[in-house]
2 protein chains.
Amino acid sequence: MVLVRHETSPEDVGGMWAAQGVLTSTGGMTSHAAVVARGWGKCCICGASELKIDYKKKTVTIGKTVLKQGDWISLNGSTGAVYAGQIPTQVSPVVSAVVDNKVSAKKDPIFLMYQEISKWSDNNRKMNVRTNADTPKDSVAARSFGAEGIGLCRTEHMFFEGDRIWAIREFILAEDEKSRKAALAKLLKHQQKDFEGIFKAMDGLPVTVRLLDPPLHEFVPHTKKDQQEMAKRLGIPLNKVTERVQELHEFNPMLGHRGCRLSITYPELCVMQTKAIIGAACKVAKAKKAVKVLPEIMIPLIGTKAELDFLEKIVRENAEEIIAKTGSKVKYMVGTMIEIPRAALTADEIAETAEFFSFGTNDLTQMTFGYSRDDIGSFLPDYLNEKILPSDPFQHLDQTGVGQLVKLGVERGRETRPNLKCGICGEHGGDPESVKFCAKVGLNYVSCSPFRVPIARLAAAQAAIKG
Amino acid sequence: MVLVRHETSPEDVGGMWAAQGVLTSTGGMTSHAAVVARGWGKCCICGASELKIDYKKKTVTIGKTVLKQGDWISLNGSTGAVYAGQIPTQVSPVVSAVVDNKVSAKKDPIFLMYQEISKWSDNNRKMNVRTNADTPKDSVAARSFGAEGIGLCRTEHMFFEGDRIWAIREFILAEDEKSRKAALAKLLKHQQKDFEGIFKAMDGLPVTVRLLDPPLHEFVPHTKKDQQEMAKRLGIPLNKVTERVQELHEFNPMLGHRGCRLSITYPELCVMQTKAIIGAACKVAKAKKAVKVLPEIMIPLIGTKAELDFLEKIVRENAEEIIAKTGSKVKYMVGTMIEIPRAALTADEIAETAEFFSFGTNDLTQMTFGYSRDDIGSFLPDYLNEKILPSDPFQHLDQTGVGQLVKLGVERGRETRPNLKCGICGEHGGDPESVKFCAKVGLNYVSCSPFRVPIARLAAAQAAIKG
């Protein structure tokens, strides 16, 4: 079953999970569908702009070919080719052996070669390889691929699952701080439980947790029917709902009220997430079957030192309170994503507060080039044809421009804090050429989706050998 | 009469012109309403987020006050205060004397002081002061305020006025290059006439013309009724229109298919605009009452040297052809906006092709901070309250971050091309503190809206004196 959409959003995650492949007509390397599917090791093609999708008629038209719901199509995620009809496929023996722990696959010559190369890689590389994962399941898969920690745990889905969406919607509709806090209180225990699961899976390895990043309008319904349901469920008039949804509309959400900007407007969000993270860390650290936890709290979308100072204070106050109360000895770090050009340019100032940097090269690429990851499909083909770009900069890091900011960020950050831990958590962390660049500029680790961990280990070794 | 809107778009320009003041509930210093109104010297307040505007009921609600269409309100554009009721106002004697050429105002002591200070300023400043203007009328006003050229002539309105919008819509709906060229041919003579008017008004002074910048969806209608009209007028089925409009929708238009990216996809756009500019230049230069023209063709949104090379070639080929055909001796320059962080970072490469740089600090601020000019209203008040930002970075240039890129761009550009002409055409060109920064980093000129030219002259002089 292949899910075909214009684009996907967090609301589609259930359908994506059920599907064997995902095909979208917009977007690219770092759009929602690509990032989520890659994380699961699922086949996905994004930005197939020739596709005309008619949701009402349930048809897809490509040139003169019209496909109906239920028709067979086959995807080649490596080349981006879409085939009408069914092409037989085969599961990778490496995946069978590593993820599904199939005994027969462990004798497959391909798996044995994988094992050998991985050993050589680990014996030679100097950089660590972490993973981007936000569930215990993904964390376990990544560990089995050799991940040495989580470099990016996105907390978005912790606001979506099951009934949680209603708590965050209540938060969004609340008219004062007290009601907002009451709504968030409902999320606290769920999120703490999520973090406990992840910390257990990563026992002894560092886990970088990013605080909430997406804009709030991603959490509210946009059809009238769903808005009516929301009004009814929250017991507020429909016009309040529609008014708030309209208020949350943004012209350029990528450059809008998201990331740390949300927690500055609503500090209670940062408080709740800190409590969930540190609460979970203290609990698993003190459990009978004690787990070693190394939480790193990462504040996203920082552009100025003042933003980080404001939120670091809140994180530390709340973390210390829980640590003191539980009598735990959990150590944690507070750091930031470097994903806004201004953050790289002022990395010396930001490193006064940040204990680590993680280069978010997806957003950094968006802002350094002024390219929206979801809209690049309209001009990227012309740019590649005319050789204006050597490749998709969301796929291979642009070393001249974006890379310049990464290099500068590392250098300036370490001028202030010589032992500053620096990593990368953008999609480039799983791209061999980009991984080699990361080694060159002195990053401590790269972090990529679980299924790309082996290739990142290899690339890191090649970088270390070639020097 | 005050026009009250959520935000304005090019379609509102007629209403804005008719109004004495403009009030919007979203946006800020550089949103459409602010830029257009400032250009005309018209009072405008943007981002009054407490306003609840009901277009259907024609009411504005602020707290418990409900105002109906026709009620009096008064605006103070300097403080941003909105008053219910009528407050008497008075025309500035400087504007009366300079723009309206009123003899009585020329004896007003305020005007005489203005004149004296302006003389002192001009005797001391080292930087030139140009203006942002795109009509002969605005150009004349700016010259009377002392502008020494046009630093930014936006060509957008040349696609909107009267019947022209139908030609550009025909271009957008065309299915092949031939039809696109046929549609653009209808615009050529209109645009050439526009440029002739501007060149005449600026006789002897340089005029920097920016090629088309906004994304194409700004030119298509978004209501069903208007789309039906469009289908009928262009003689194409309605579903073709709605499909194309849907195709043009972007998630983040500010980071989408606009600026030079349009002309790379549709080179015929660049061809038509070059023909209009150079055609006009050759014509007025050879007219009986000959005019001295110094056109500077500016390619917007450049992020890589390859983009500029691609378009510069098209510009030069078409310009040379017209110059040869008309036997004219017009000299012109080809340069670029530096408004994408990557352009500043690779200014050394870009200056191999660009003969001048104009720093577009509005977009540069958007991308360096990751702030959408139209959405910043949702978090800016909190940022100012908490002193996270010292001021609105769209109003006063952020010297630490954005300014760092400007400085770097000038330095690297001049490493390649020592005599590279550098200016600024963002709104900061009319802000005294920013003007002083521009002097410090060695810009040749600042360019600002006509009514801010006097203050820019003064600030440039203060910078020269204080050193």
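Residues numbered from 1 in each chain as written. Chains lettered and ligands numbered in written order. Predicted model: local features only at pLDDT ≥ 70, side-chain atom pairs only at ≥ 80, totals over all residues. Heavy atoms only, no water.

On to the environment of A:Leu458. Residues and elements named next belong to chain A. With respect to the helices, strands and loops of the structure, Leu-458 is situated in helix α19 (residues 453–466). Considered as a pair, Leu-458 and Gly-27 are 431 residues apart in the sequence and their alpha carbons are 29 Å apart. For Leu-458, the contacting residues outside a window of four places in its chain are Ile-117 and Ser-121. (Helix = DSSP H or I, 4+ residues; strand = E, 2+ residues; numbered from the N terminus. Contact = heavy atoms within 4.5 Å.)

Residue and element names in this part refer to chain B. A complete count under the given rule lists 22 aromatic pairs over all chains for this structure. Ring centres of Phe-195 and Phe-199 lie 6.3 Å apart, and the angle between their planes is 25°; this geometry places the pair in the stacked category. In this pair, Phe-195 and Phe-199 are both assigned in helix α7 (residues 177–201), four residues apart and thus about one turn of the helix distant. The burial state of Phe-195 is the same as that of Phe-199; both residues are buried. (Phe/Tyr/Trp six-rings, centres within 6.5 Å; stacked < 30°, edge-to-face > 60°. Buried < 20%, exposed > 50% of the residue type's maximum accessible area, 1.4 Å probe, protein only.)

Paired through their backbone hydrogen bonds, the strands of a sheet run either parallel or antiparallel. All names here are of chain B. Ordered by their spatial adjacency, three strands build an open sheet running β4-β5-β6, and the pairing between neighbours is antiparallel. Each edge of the sheet is formed by a strand with only one pairing partner; in this case those strands are β4 (52–54) and β6 (65–68). Recorded for the sheet is a direction-independent mean angle of 20° between the axes of neighbouring strands. Sheet topology note: the β4/strand β5 (residues 59–62) ladder contains three bridges and is antiparallel. (Pairing = 2+ DSSP bridges. Axes fitted to C-alpha atoms, helices over the stretch in contact; angles between N-to-C directions.)

It is worth spelling out the pairing of strand β13 (residues 333–338) of chain A at this point. Residue and element names in this part refer to chain A. Within β13, five of the six residues are buried, which leaves the element mostly enclosed by the surrounding structure. As defined by bridge partners, strand β12 (residues 294–299) adjoins β13 across four bridges and the pair is classed as parallel. Looking at β13, one finds that Ile-299 is bridged to Thr-336. Considered for its hand, the β-α-β crossover made up of β12, helix α12 (residues 305–326) and β13 is right-handed. Looking at chain direction, β13 and strand β14 (residues 356–359) are connected through three bridges and run parallel. When the bridges of β14 are listed, Met-337 appears paired with Ser-358. (Right-handed = clockwise from strand over helix to strand, strands pointing away.)

This part takes up the relation of the copies chain B and chain A. Under the fitted operation, chain B is carried onto chain A by 0.0 Å of movement along the axis and a turn of 180°, and the coordinates agree to an RMSD of 0.0 Å. On the angle and the small slide along the axis, the relation comes out as a two-fold axis. Judged by C-alpha distance, B:Asn252 is the residue of chain B that lies nearest the rotation axis, at 2.3 Å. Both copies contact each other with a shared surface, as 100% of the interface residues of chain B are interface residues in chain A too. (Least-squares fit on C-alpha atoms with pLDDT ≥ 70 in both.)

It is common to give the size of an interface as the accessible area that goes away when the parts come together. Counting from both sides, the interface comprises 52 residues of chain B and, opposite them, 52 residues of chain A. With both sides pooled, the region where chain B packs onto chain A buries about 4400 Å², and carbon together with sulfur makes up 58% of that total. Our count for the chain B to chain A interface comes out at four salt bridges. For B:Lys52, the salt bridge identified is with A:Glu243, shortest N-O distance 3.6 Å. (Buried area = accessible area lost by both parts, 1.4 Å probe. Salt bridge = Lys/Arg side-chain N within 4 Å of Asp/Glu carboxyl O.)

All names here are of chain A. Of note, Gly-426 is situated in the loop between β15 (421–424) and α18 (432–440). When the C-alpha positions of Gly-426 and Gly-15 are compared, they lie 25 Å apart, and in sequence the two are 411 residues distant. Apart from the residues within four sequence positions on either side, Gly-426 is in contact with Phe-359, Gly-360, Thr-361, Asn-362 and Ser-447.

All names here are of chain A. Strand order in the open sheet formed by three strands is β4-β5-β6, and the pairing between neighbours is antiparallel. In this open sheet, the two strands that pair with only one neighbour each are β4 (52–54) and β6 (65–68). The sheet shows a mean angle of 20° between the axes of neighbouring strands, taken without regard to direction. Pairing of strand β5 (residues 59–62) with β6, which is carried by four bridges, proceeds in the antiparallel orientation. Bridge pairing in β6 places Thr-61 opposite Val-66.

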